[in-house]
Amino acid sequence: MKIKSIGIDNYKSYRDFTVIELGATSEGQNTCLIGALNGGGKTSFVESIKIALFGTHKKEIFRNFNRARAQESNKLARFELIISHEGKEIKISRSFFGKNCKFYNDLNDSLEVFINDNDINNGDKVRNQKYISKLIPQEITEFFIFDGEKVKTLASDKDLSVLKKSYEGVLGISRIDVLIKNLQDIKKDYIKSKSGMNQHEIAEAQLEATKLNSLHDELKIKKQELIAENMTHGA
């Protein structure tokens, strides 16, 4: 998968619709570096790719689009990403629009996905976002779409919390952690609900607790297996 271009319209320093071609890379050369002077739009460029893929809070769009430019059209900001993947060209177009918007809640947004110029879900935002998230899980974007000025910050972060979160998200570890916590809460609620039980009910509760403990142990083992498997593949 390669990002071929990003089109940015009326967002921060990109007043007019600007298409940035990332250019063709040779086999095995998959890194693209973007350089510009301060204020040249490097950070906005990175933000725009992520907005095209996963959206952002409407408040961010409302504070960063050019009002004078927006009066010419109901479209306040637009982000268009072109990706090549498995011989197909995928176009992702996310727009924010509205007329005489005084508050960010007045904004509307749309999301379209085209594969080889065919609209795959007829503009259905929910289905299109599910397709994008399956194609490019949001957790992994921190690994390959980032601001170079933040590398030093990430490298000096004592706990490397940002990268750790992305890493665990890719492996599915974060979901297992959520399941483990939910399971612990269920156990606590179950025990509280069974106060004042007779002997038969106590025996049933103990059996249920044993099942929950077994599931808890299985999840912890699965988590360790995922970590070990990834370390083996990485080596």
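Before reading further, recall that the structure is shown in the block above.
Residues numbered from 1 in each chain as written. Predicted model: local features only at pLDDT ≥ 70, side-chain atom pairs only at ≥ 80, totals over all residues. Heavy atoms only, no water.

Visitor: Any chance you could explain the overall build of the chain here in plain terms?
Guide: The secondary structure content of the chain amounts to nine helices and six strands. Split into buried and exposed, the 235 residues of the chain put 31% on the buried side. A separation threshold of at least 6 residues defines the contact pool for the chain, and within that pool the share at least 24 residues apart is 57%. Summed over its atoms, the accessible surface of the chain is roughly 15,500 Å², and 51% of this surface lies on carbon and sulfur atoms. (Helix = DSSP H or I, 4+ residues; strand = E, 2+ residues; numbered from the N terminus. Buried < 20%, exposed > 50% of the residue type's maximum accessible area, 1.4 Å probe, protein only. Contact = heavy atoms within 4.5 Å. Areas by Shrake-Rupley, 256 points an atom, 1.4 Å probe, with all protein chains shown as cover.)

Visitor: Before we go on, may I ask you to explain the packing of aromatic side chains in this structure?
Guide: Note on aromatic pairs: each is described by the distance of the centres and the angle between the planes. Within this structure, the stated rule accounts for three aromatic pairs. Ring centres 6.1 Å apart and planes at 70 degrees place the aromatic pair F62 and F65 in the edge-to-face group. Comparing F62 with F65 shows no difference in burial state: the two are buried. With a centroid separation of 6.3 Å and an interplanar angle of 85 degrees, the aromatic rings of F79 and F96 are classed as edge-to-face. Taken together, the residues span a long stretch of sequence, with F79 in strand β3 (residues 75-85) and F96 in strand β4 (residues 88-97) at a distance of 17 residues. (Phe/Tyr/Trp six-rings, centres within 6.5 Å; stacked < 30°, edge-to-face > 60°.)

Visitor: Help me understand the environment of Y11, please; the structure alone is not making it clear to me.
Guide: Inspection of the secondary structure puts Y11 in the loop between β1 (2-9) and β2 (18-21). Each C-alpha atom of the pair Y11 and L76 lies 8.3 Å from the other, and the pair is 65 residues apart in sequence. Among all residues touching Y11, those that are not within four sequence positions of it are S44, E47, S48, I51, E60, I61, N64 and F79.

Visitor: What should I look at first to understand helix α1 (residues 42-54) in this one?
Guide: At 3.6 residues per turn, the α-helix brings residues three or four places apart onto the same side. Taking 1.5 Å of rise per residue, the 13 residues of α1 would be expected to cover 18 Å, and the 19 Å separating its terminal C-alpha atoms lies within 8% of that figure. Buried residues of α1: S44, F45, V46, S48, I49, I51, A52, L53 and F54, and no others. (Expected span 1.5 Å × (residues − 1).)

Visitor: What is the right way to read the environment of I34 from this model?
Guide: Counting through the fold element by element, I34 comes out in the loop between β2 and α1. Under the relative-accessibility criterion, I34 is labelled partly exposed at 39%.

Visitor: Explain helix α4 (residues 125-135) here, please?
Guide: Taken residue by residue, α4 has N128, Q129, I132 and L135 as its buried positions. Viewed along the axis of α4, the buried residues span an arc of 125 degrees, placing them on a single side of the element. Turned more than 90 degrees from where α4 packs its buried face, V126, K130 and K134 sit exposed. Near the N-terminus of α4, the side chain that reaches the backbone nitrogen of V126, with its oxygen 3.1 Å away, is that of D124. (Arc of directions from axis to C-beta. Polar contact = N/O pair within 3.5 Å; in protein donor to acceptor, adjacent residues only side chain to side chain.)

Visitor: Before we go on, may I ask you to explain the nonpolar core in this structure?
Guide: Membership of the largest hydrophobic core comes to 32 residues, with the highest contact counts inside it found for L53, I61, F79, L81 and I92. Residue assignment for this core shows that the elements contributing at least two residues are β1, α1, α2 (58-64), β3, β4, β5 (108-115) and α4. For this core, the element with the highest residue contribution is α1, accounting for seven residues. The residues contacting F79, other than those within four sequence positions of it, are G7, I8, Y11, S48, I51, A52, I61, I92, S93, R94 and F96. (Core = buried A, V, L, I, M, F, W, Y, C linked by side-chain atoms within 4.5 Å.)

Visitor: Looking at this model, I keep getting lost on the pattern of salt bridges. Mind explaining?
Guide: Think of it this way: side chains of opposite charge can pair up when their charged atoms draw near. Tallying each qualifying case throughout the model produces seven salt bridges. Its salt-bridge partner being D109, residue K58 comes within 3.9 Å of it at the nearest N-O pair. Separated by 51 residues along the polypeptide, K58 in helix α2 and D109 in strand β5 bring together distant segments of the chain. When its relative accessible area of 25% is taken as the criterion, K58 is described as partly exposed. For E80, the salt bridge identified is with R78, shortest N-O distance 3.3 Å. Both residues of the pair, E80 and R78, count as buried. (Salt bridge = Lys/Arg side-chain N within 4 Å of Asp/Glu carboxyl O.)

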